[in-house]
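# Commentary on secondary and tertiary structure
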Amino acid sequence: VFFVGSVALFGGLAVAIGSYLYYGEVGDASQLSNLVNDLKTSPLSLKLFVFVSSSLPLIAAALLACIFIKATPKHYLSLSWPKNGKWFLIAMLFVFVCVPLMGLMLDINKLIDFSQWPNFYEWLQVQESANNGMYEAMIGEQGVMSLFTSILFMALAPALAEEIFFRGFLMTAFNGIFKNMHLSIVVTAILFSLIQLQFTKFIPMFFLAVSF
């Protein structure tokens with residue numbers, strides 16, 4: 001409920017901000033398709049649009065849920081720093097060890113024959129092509145400012161939002177339901193993989209989610 005509400009709220013806000021920045025006037029949801037295409041000519045405005053419509057809903061949903069259940073966000077969402085620096089270093093080492101295995105996961109993923117579901121496979125291709133086009137438009141021209149805003153809006157902001165919502169809120173909530181953290185990690189990883197839209201890379205995304 002909080003996630004859907006946040007998506008609707010911030011989605012509308014993103015349209016209003018994006019249309020104002022590009023057209024000089026506040027638009028509504030009916031302009032969404034045209035607005036996204038037009039914003040591709042303005043990388044910074046597009047980055048801001050995607051941040052408001054995609055990252056902020058995840059953060060808002062997690063915080064609103066904490067307020068509703070009267071939980072302390074810092075404690076419930078595990079927003080504190082590691083108590084022992086050793087575990088932080090071990091986690092970083094674990095990530096570097098797991099990254100090379102992504103190649104193997106991609107090869108396994110290619111064994112899935114999506115062509116036996118032609119309509120579904122076509123939809124996957126369209127979604128992946130649209131996402132790639134969006135990312136290329138967001139990067140824009142090469143330069144220091146483009147690099148800085150790309151790191152901020154395309155790397156840091158989405159990563160923090162996803163960590164707060166999936167591993168902070170959902171994994172904790174599922175652990176309270178299942179009473180089993182391992183099962184909670186697997187279920188959260190499945191949902192994380194599905195929401196990425198690039199379903200043709202489901203297995204690598206699932207592996208990456210579990211390893212992190």
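### A few points about the overall build of the protein chain
- Each helix and strand counted, the protein chain has 10 helices and 0 strands in total.
- Reading the helices (α) and strands (β) of the protein chain from amino to carboxyl end gives α-α-α-α-α-α-α-α-α-α.
- Of all 212 residues assigned to the protein chain, the portion counted as buried reaches 33%.
- Sequence-distant contacts in the protein chain: of pairs separated by 6 or more residues, those separated by 24 or more amount to 59%.
- When the accessible surface of the protein chain is totalled, it reaches about 13400 Å², and 71% of it is carbon and sulfur.

### Some thoughts on a nonpolar patch on the surface
- A cluster of nonpolar side chains, namely Met-145, Leu-147, Phe-148, Ile-151, Leu-152, Leu-156 and Leu-160, defines an oily patch on the protein surface of about 730 Å² accessible area.
- Checked against the element boundaries, Leu-147 lands in helix α8 (residues 144-178).

### Quick look at the confidence of the model for the protein chain
- The predicted model of the protein chain averages 83 in pLDDT, with 92% of residues at 70 or higher.
- Averaged pLDDT values over the elements of the protein chain bottom out at 56 in helix α10 (residues 202-211) and peak at 92 in helix α3 (residues 43-68).

### A few points about the side chain of Lys-47
- Among the structural elements, Lys-47 can be located in helix α3.
- On the accessibility criterion, Lys-47 (2% relative accessible area) is buried.
- The residues contacting Lys-47, other than those within four sequence positions of it, are Met-138, Ile-139, Ser-146, Thr-149, Ser-150, Phe-153 and Met-154.

### Notes on the environment of Asp-113
- Residue position: Asp-113 is located in the loop between α6 (101-110) and α7 (118-139).
- Between the C-alpha atom of Asp-113 and that of Ile-164, which follows or precedes it by 51 residues, the distance is 34 Å.

### Description of the pattern of salt bridges
- Evaluated as defined, the whole model comprises 1 salt bridge.
- As a salt-bridge pair, Arg-167 and Glu-163 come within 2.8 Å of each other at their nearest N and O atoms. Within this pair, Arg-167 and its partner Glu-163 are both found in helix α8, separated by 4 residues, close to a single helical turn.

### Some details on unusual backbone geometry
- The phi torsion at Lys-70 lies on the positive side, around 60°, for a residue other than glycine.
- Structurally, Lys-70 can be placed in the loop between α3 and α4 (73-76).
- Not every positive phi belongs to a glycine, and Ser-78 is a case in point at roughly 55°.
- Mapped onto the secondary structure, Ser-78 falls in the loop between α4 and α5 (85-98).

### Quick notes on α6
- Of the residues making up α6, those classed as buried are Met-102, Met-105 and Asn-109. The buried residues of α6 occupy an angular sector of 55° when the element is viewed end-on, so they sit on one face.

### A short note on the packing of α3 against α8
- Put simply, α3 and α8 touch, their axes get as near as 9 Å, and they point 20° apart. By the angle between their directions, the pair α3 and α8 is classed as roughly parallel. For the pair α3 and α8, the sense of crossing is left-handed. Contacts from Leu-44, Lys-47, Leu-48, Phe-51, Ser-55, Leu-58, Ile-59, Ala-61, Ala-62 and Ala-65 in α3 reach Ser-146, Thr-149, Ser-150, Phe-153, Met-154, Ala-157, Pro-158, Ala-161, Glu-162, Ile-164, Phe-165 and Phe-169 in α8.
- Looking at the contact of α3 with α8 residue by residue, the classes come out as 16 nonpolar, 4 polar and 2 charged.

### Considerations on the packing of α3 against α7
- Look at α3 against α7: their axes get within 7 Å of each other, and the N-to-C directions meet at 125°. The angle between α3 and α7 falls in the class oblique. Contact residues: α3 offers Pro-43, Leu-46, Lys-47 and Val-50, while α7 offers Met-134, Ala-137, Met-138 and Ile-139.
- The class makeup of the residues in the contact of α3 with α7 is 7 nonpolar, no polar and 1 charged.

Definitions and limits used
- Throughout, a residue's number is its position along its own chain's written sequence, starting from 1.
- Selection of residues for local features in this predicted model requires a pLDDT of at least 70, selection of side-chain atom pairs for listing and counting requires 80 or more, and totals for whole chains, interfaces and linings are taken over all residues.
- Side-chain descriptors were evaluated using all non-hydrogen atoms of the structure, hydrogens and water having been removed beforehand.
- Helix and strand definitions here come from DSSP, where helices need a minimum of 4 consecutive H or I residues and strands a minimum of 2 consecutive E residues; each element is numbered from the N-terminal end.
- Between buried and exposed lies partly exposed: a residue is buried under 20% and exposed over 50% of the maximum accessible area for its type, with that area taken using a 1.4 Å probe on protein chains only.
- In this analysis, two residues are considered to be in contact whenever any of their non-hydrogen atoms come within 4.5 Å of each other.
- Here the Shrake-Rupley method, with its probe set to 1.4 Å, supplies the accessible areas, and only the displayed protein chains count as covering residues.
- The patches reported here contain residues having more than 30% relative accessible area and no salt bridge. Joining distances are 9 Å for like charges and 5 Å for nonpolar side chains (Val, Leu, Ile, Met, Phe, Trp, Tyr).
- Just to be clear on terms, a salt bridge is a Lys or Arg side-chain nitrogen sitting within 4 Å of an Asp or Glu carboxyl oxygen.
- As a per-residue quantity, pLDDT reports the predictor's confidence and falls between 0 and 100.
- Note: the arc covers the axis-to-C-beta directions of the helix.
- To get an axis, a line is fitted to the C-alpha atoms, and for a helix only the part in contact is used. The angle between two axes follows their N-to-C directions and goes from 0 to 180 degrees.
- For this classification, under 35 degrees means roughly parallel, over 145 means roughly antiparallel, 65 to 115 means roughly perpendicular, and everything else is oblique.
- Handedness of a crossing follows from how the near helix is turned relative to the far one, being left-handed for an anticlockwise turn of less than a right angle and right-handed for a clockwise one.
- Charged residues are taken to be Asp, Glu, Lys and Arg, nonpolar residues to be Ala, Val, Leu, Ile, Met, Phe, Trp, Tyr, Cys and Pro, and polar residues to be all remaining types, Gly included.

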